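# Residue-level structure breakdown
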Amino acid sequence: MCGIVGYIGKNDAVPVLLDGLRRLEYRGYDSAGVATLADGRISVRKKVGRIANLAALLAESPVSGHVGISHTRWATHGGVTDDNAHPHSDQSGRLFICHNGVIENYGTLRDQLISEGHEFKGQTDTEVLAHLIGKHYDALTGEPGSARLVTALRAALTHVVGTYGIILMHADAPEVIIGARRGSPLMLGVGKGENFFASDVSAIVAHTQQAVYLKDFDIAVLGADDFEITSLLGGASGYEVSKVEFSAEDVSLGEYPHYMLKEIYEQPETIRDAMRGRLSREDATAKLGGLGMTAAELRNIDRIILTGCGTAAHAAMCGEYIIEALAHVPVEVEFASEFRYRQLPLPKNTLVFCISQSGETADTLAALREAQRKGLRTLGICNNVASTIARESDGGAYMHAGPEIGVAATKSFTSQVTILTLIALLLGRIRHLSTTEGLRIIDELEALPGKIARILEQSEHIRRIAEKYAGSQAMMFLGRQFNYPIALEGALKMKEISYIHASGHPSAELKHGIIALITPELPTVVIAPHDSVFEKNVSNIEEVRARKGPIIAIGTEGHEEALRRFADDIITIPACPDYLSPILTAIPLQLLAYHTAVKLGCDVDKPRNLAKSVTVE
Ligand code: AGP
């Protein structure tokens, strides 16, 4: 999940590299560095901390050149130090590399290199890789330059076990930068008189919207006016230049103080985009051509597995309730990190959905590959077009939510649940749902954006509640049925951006131990929309109240009276069917976490220790 940017072309590299790193900082921000090549020499500047620290260092001690590579790091191997910051050089100091991924056998390689006289400055796997490539480069005879560098890279990569998205350059080959990928994302941006590498297209979309997404084993040689892609496995590698579906504007902050708030407020539009062109009133159903399955094939499915990590797993849990309620198909949710290692009986008519905003999460990708290894059909629900999970799935449905920059997932969650609801409608209508029922579901889906907009109008009210409880040492979130996953999601949002310990539970679990935690200092958020279990939730609120625990209730407009008797604070959502309530109840909890984090002075968009896309195990 590190951020990588490379540039070669007509302009000075440093401004392009810094701008790109800033747009990738959400992917990792422990340290950052750049290396540029000018007059046959490579200069490097790198610094612990945010991109701003690197920019200050460059202002003080600038480097120049029209060729450069750069990196913002999320530490995997080796502590957060200047020496461990990328780019890393080989023994000669003439080859530099930036890397995203994990070289699993780096210890063995490092010992071997040390025995051959290599000396290392840091503790990273990346520095080992730099020395390995440099060793092969120096061992080759023949003309120094790009061809020799590619040969050395190929030789070195055959010794590597693990994942990499790398870009590198050599002082002997000033006319190129080289990229290679296996298991970690890397793309090319195709410009005019200039070309780019990046680990995520948002880094370079301000310069070009022409993108080539590298595949595993690709090796790309990038010049200012051309590029060539071959495969480590031999021969040329097919590729396509695709148009990026969003603009630089989409990844800019606009008038918002944080990306997270911007993305929370985008949800009326992103929910519309998730449904755009996918609702058919004529057939009273959802149309999801990307699944690539006929009605007969879908009807033949007798079990669904939904898998993902973090928030995506919570969306899967919502999907479980929704698909079972609307389509009566048995659904099982598996955390991807568990699924990939479980001895799970997998009958052949099982359909697996892999849910991932980034489309690059290592555990979810591994779960996909494990399901395919067992011969199961796997479908992706992703946001990033041409991401690895999207490309390796047998089909799927894109979320069309636009880039999600804030580390805390918000719009991606509600888009995922919306698409799972469309899938439930589609499956229900080829089984037992009537035309009338299908049309009613479509009416309710189309009313969602307006209802979300109404909830967003309560942001100030929610901010006041957040500030009231921001000093809490812990929080508890309770929900039932469709909203039990929302209790988990609300707790995760609070944990990951305000660092307040929070836990989510099925409301009825209160009596099975959790009630021991209730004190006047522990606020409990109870998600209690006016649904089939409303009275049960009210009883749980009374149990908390009886022990003087503060209550924040999420209720339905017009049904606050029963809540007002016991809750200290109430946030309402517009009335909606039970199965759509998770999409609405998630919004107040996103805002509650956001305002709490702001009150506490936390870094909302780049919370400590986190990265937007976990591309390592
Ligand atoms: C959620 O707020 C976190 N950012 C994290 O749990 C995230 O949902 C998880 O890492 C999965 O990411 P993905 O959707 O890109 O696969």
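Above this text you will find the structure in question.
The present account deals with the structure reproduced in this document.

Rules used in this analysis
Residues numbered from 1 in each chain as written. Predicted model: local features only at pLDDT ≥ 70, side-chain atom pairs only at ≥ 80, totals over all residues. Heavy atoms only, no water. 1 Å grid on protein atoms, 1.4 Å probe; cavity = no way out; pocket = protein on both sides within 12 Å on 5 of 7 lines; lining within 4 Å. Points joined across faces, edges and corners; volume = space filled by probe spheres on them. Nonpolar A, V, L, I, M, F, W, Y, C, P; charged D, E, K, R; others polar. Pairing = 2+ DSSP bridges. Helix = DSSP H or I, 4+ residues; strand = E, 2+ residues; numbered from the N terminus. Axes fitted to C-alpha atoms, helices over the stretch in contact; angles between N-to-C directions. Buried < 20%, exposed > 50% of the residue type's maximum accessible area, 1.4 Å probe, protein only. Core = buried A, V, L, I, M, F, W, Y, C linked by side-chain atoms within 4.5 Å. Contact = heavy atoms within 4.5 Å. Near = heavy atom within 4 Å. Polar contact = N/O pair within 3.5 Å; in protein donor to acceptor, adjacent residues only side chain to side chain. Areas by Shrake-Rupley, 256 points an atom, 1.4 Å probe, with all protein chains shown as cover. Arc of directions from axis to C-beta. Parallel < 35°, antiparallel > 145°, perpendicular 65-115°, else oblique. Left-handed = near helix turned anticlockwise from the far one by under 90°.

## Observations regarding empty space enclosed by the protein
- Taken as a whole and assessed by the stated rule, the structure comprises 2 cavities of 30 Å³ or more.
- Volume-wise, the second largest cavity comes out at about 40 Å³.
- Contributing to the lining of the second largest cavity are Phe339, Arg342, Leu344, Leu346, Glu370 and Lys374.
- For the lining of the second largest cavity, the class distribution of residues is 3 nonpolar, no polar and 3 charged.

## Some details on the sheet that holds strand E21 (residues 395–398)
- An order of E18-E17-E19-E20-E21 is seen for the 5 strands of this open sheet, with the pairing classed as parallel. Each of the sheet's edge strands pairs with one partner strand only, and the pair in question is strand E18 (331–335) and E21. Each adjacent strand pair in this sheet contributes to an overall mean axis angle of 20°, direction not counted.
- As paired elements, strand E20 (residues 377–382) and E21 share 4 bridges and run parallel to each other. When the sheet's bridge partners are listed, cysteine 382 is paired in E21 with tyrosine 398.

## So, the pairing of strand E13 (residues 227–231)
- Where burial is concerned, most of E13 is hidden: 4 out of the 5 residues are buried.
- Note that strand E12 (residues 218–222) and E13 share 5 bridges and pair antiparallel. In the sheet register, aspartate 218 faces E13, and the bridge partner there is serine 231.
- Connecting E12 to the antiparallel partner E13 that follows it, the hairpin turn spans 4 residues.

## What to know about the nonpolar core
- Grouped together as the largest cluster of nonpolar side chains are 87 residues, with contacts concentrated most on Ile304, Ile323, Phe353, Ile423 and Phe477.
- If sequence neighbours within four positions are ignored, phenylalanine 477 has contacts with Ala487, Gly490, Ala491, Met494, Ala502, Ser503, Gly504, His505, Val525 and Leu589.

## Remarks on the site of the ligand
- Inspection of the region around the ligand gives 13 residues, with Ser356, Ser358, Thr361, Val407 and Glu496 positioned closest.
- The separation between an oxygen atom of the ligand and a polar main-chain atom of glutamine 357 is 2.7 Å.
- Alanine 409 is positioned with one of its backbone polar atoms (N or O) 2.8 Å from an oxygen atom of the ligand.
- Against a free-state accessible area of 410 Å², the protein chains account for coverage of 90% of the ligand.
- Those elements that provide at least two residues to the shell around the ligand are helix H9 (310–327) and helix H17 (484–498).
- Of the residues forming the shell around the ligand, the biggest block, 3 residues, is contributed by H9.

## Points about helix H16 (residues 459–469)
- Taken together, the buried positions of H16 are occupied by Ser459, Ile462, Ile465, Ala466 and Tyr469. Taken around the axis of H16, the buried residues stretch over an arc of 120°, which confines them to a single face.
- Next to the buried residues of H16 lie helix H6 (259–265), helix H15 (448–456), strand E22 (474–479), strand E25 (551–556), strand E26 (569–573) and helix H20 (581–599).

## Comments concerning the packing of H9 against helix H13 (residues 411–429)
- Following both chains from N to C, one finds H9 and H13 inclined at 25°, their axes separated by 9 Å at the closest point. On the basis of the axis angle, H9 is roughly parallel to H13. By crossing handedness, the relation of H9 to H13 is classed as right-handed. Residues Thr311, Ala312, His314, Ala315, Ala316, Cys318, Gly319, Ile322, Ile323, Leu326 and Ala327 of H9 form the contact with H13, whose participating residues are Phe413, Gln416, Val417, Leu420, Thr421, Ile423, Ala424, Leu425, Leu427 and Gly428.
- Tallied by class, residues from the contact of H9 with H13 come to 15 nonpolar, 6 polar and no charged.

## With respect to the environment of glutamine 590
- Structurally, glutamine 590 is set in helix H20.
- Placed 301 residues apart in sequence, glutamine 590 and glycine 289 show a C-alpha to C-alpha distance of 31 Å.
- Once residues within four sequence positions are removed from consideration, glutamine 590 is found in contact with Met260, Ile264, Gln267, Thr410 and Thr414.

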